[in-house]
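# Architecture and fold: a report
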Amino acid sequence: MKVLFVFGTRPEGIKMAPIIKEIQKRDKIESYTCVTGQHREMLDQVLEIFDIVPDYDLNIFKKGQSLTEVTTKTLLGLEKVLDELKPDILLVQGDTTTVFAAALAAFYKKIKVGHVEAGLRSGNIYSPYPEEANRKLTGIVTNFHFAPTIANKNNLLREGYDEDSIYITGNTVIDALKYSVKEKYEFGNEILDNIDYNKDVILLTSHRRENWGEPMENIFSAVKRVVEERENVEIIFPVHLNPIVREIANKYFSDLDRVHLIEPLSYLPFSNLMNKVKFVITDSGGVQEEAPSLGKPVLVVRNETERMEGIEAKTAKLIGTEYSDVYNNIISLLDDKKLYDEMAKAINPYGDGNAAKKIVDIIEKIH
Ligand code: UD1
Ligand code: UDP
């Protein structure tokens, strides 16, 4: 059996890596990887950490390109790869534009699609944008839905998918985390090695398209006010390479000593940093899944989330993007020890670290 993994961005790489490693142990399956290169530097960081050398690289990256360009270049590039390789199954992970376009390319060739991290839904087609649509569009052409949780499976059942095509596997993000987080970790980075982690060190990430503009300005100005008012607070913000995000980050934070704007971190330092900070403020999907597993409270700066498991377990709180909500929630988490302790409990609603093995077992059986 030939399996082709297709991925294009940082989070897809991190969450595919455990499956690629697992499949390489199985004699019955020939596996190949194709990266679209929707991300470049941020994807290459992941390939290096997990020691993955892609068989195909569509190299579609161009700074600031539109969703249409990503979609059409992926479709055209994959057509050639699929004609040459003729895989039995194409695996995609998550909800990026690479995922949707790759699944569609496979469908056009009547190649079976396995969708890893299937069934996540926020209920709002514009938030996250365009990811909610990407997930739904991918679902339509998917033969095997690998749903991380029961809630994700239920979302698919509600949309009419056949129960026999849905498998609950956990999320491979937890497999990756188990591999990366170490009790003692040296960053080899002057800023990160010299911060006093007994202070109120907060990790911040933000990149979602629906937060560009006013919501992101609100989030960053609320964080700025907290830093100005509280001398014990240090913010570490590995800034996404998107120039829109970088411009707003620089506007609010470049003159603040206790806000450390750093380049995107490779996955090992990033996950170990998450393990050391007091709490996390983020609009990231993956970070929302990782932090609860490490017992770190998460303030989710979005209006909707498809990851309700962390919210229901009260490790994560959905705080929106209004200035006063963001400010008040950060202050509460800093000042209210009871609230902090309630949120700082390690839970694993997203998986037990064996998702990759489960997925590969299923692929072996279904073929
Ligand atoms: C993409 C995904 C999003 C995912 C995120 C993970 C889509 C539509 N969006 O968003 O779902 O949460 O990746 O990070 O699929 N850039 C670089 N180098 C890189 C990566 C990005 O310079 O390695 C810059 C470029 O200017 C690029 C811009 O960031 O044009 C945006 O990249 P893009 O892949 O279009 O969207 P993301 O915001 O990264
Ligand atoms: N991450 C990383 N370096 C960083 C920021 C994030 O390695 O500087 C990892 C993080 O651990 C998680 C993934 O990237 O696994 C999340 O990616 P991102 O927030 O870009 O995308 P999303 O998950 O929102 O799609």
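Owing to the predicted nature of the structure, the values given are computational and were not obtained by experimental measurement. (Residues numbered from 1 in each chain as written. Chains lettered and ligands numbered in written order. Predicted model: local features only at pLDDT ≥ 70, side-chain atom pairs only at ≥ 80, totals over all residues. Heavy atoms only, no water.)

Taking burial as the measure, the 8 residues of helix α11 (residues 267-274) include 7 buried ones, the bulk of the element. Listed in full, the buried residues belonging to α11 are Y267, P269, F270, S271, N272, L273 and M274. (Buried < 20%, exposed > 50% of the residue type's maximum accessible area, 1.4 Å probe, protein only. Helix = DSSP H or I, 4+ residues; strand = E, 2+ residues; numbered from the N terminus.)

Turning to the site of ligand 1, a few remarks are in order. Not every one of the 24 residues close to ligand 1 is listed here, only the nearest: H39, G64, T97, E131 and H207. Side-chain polar atom of R209 to an oxygen atom of ligand 1: 3.3 Å apart, as the coordinates give it. A distance of 3.0 Å is found between an oxygen atom of ligand 1 and a side-chain nitrogen or oxygen belonging to H240. Taking 750 Å² as the accessible area of ligand 1 by itself, protein coverage stands at 96%. (Near = heavy atom within 4 Å. Polar contact = N/O pair within 3.5 Å; in protein donor to acceptor, adjacent residues only side chain to side chain. Areas by Shrake-Rupley, 256 points an atom, 1.4 Å probe, with all protein chains shown as cover.)

Before going further, it helps to spend a moment on the packing of helix α9 (residues 214-229) against helix α10 (residues 243-253). α10 packs onto α9 with a crossing angle of 30 degrees between their chain directions and a minimal axis gap of 9 Å. Viewed along their axes, α9 and α10 adopt a mutual orientation that is roughly parallel. In this structure, α9 meets α10 at a crossing whose hand is right-handed. For the pair α9 and α10, contact is made by M216, E217, F220, S221, V223 and K224 and by V245, I248, A249, K251, Y252 and F253, respectively. Here the residues of the contact of α9 with α10 sort into 8 nonpolar, 1 polar and 3 charged. (Axes fitted to C-alpha atoms, helices over the stretch in contact; angles between N-to-C directions. Parallel < 35°, antiparallel > 145°, perpendicular 65-115°, else oblique. Left-handed = near helix turned anticlockwise from the far one by under 90°. Contact = heavy atoms within 4.5 Å. Nonpolar A, V, L, I, M, F, W, Y, C, P; charged D, E, K, R; others polar.)

Turning to the pattern of salt bridges, a few remarks are in order. All told, the structure shown has 34 salt bridges when counted by the stated rule. Between K15 and E117 there is a salt bridge, with its nearest N and O atoms 2.7 Å apart. With K15 in helix α1 (residues 10-23) and E117 in the loop between β5 (112-116) and α5 (131-140), the pair connects residues that are 102 residues apart, well separated along the chain. Residue class for K15 comes out buried when judged on its relative accessible area of 4%. Residue classification places E117 among the buried positions, given a relative accessible area of 6%. Among the ionic pairs, E22 bridges to K25, the shortest N-O distance being 3.2 Å. In this structure E22 comes out as buried when scored by relative accessible area, which is 11%. Judged by relative accessible area, K25 falls into the exposed class, the value being 61%. What emerges from the salt-bridge pattern is a single network uniting K15, D95, E117, E132, R135, E289, R302, E306 and R307. (Salt bridge = Lys/Arg side-chain N within 4 Å of Asp/Glu carboxyl O.)

Remember, this is a structural readout, not a statement about activity or role.
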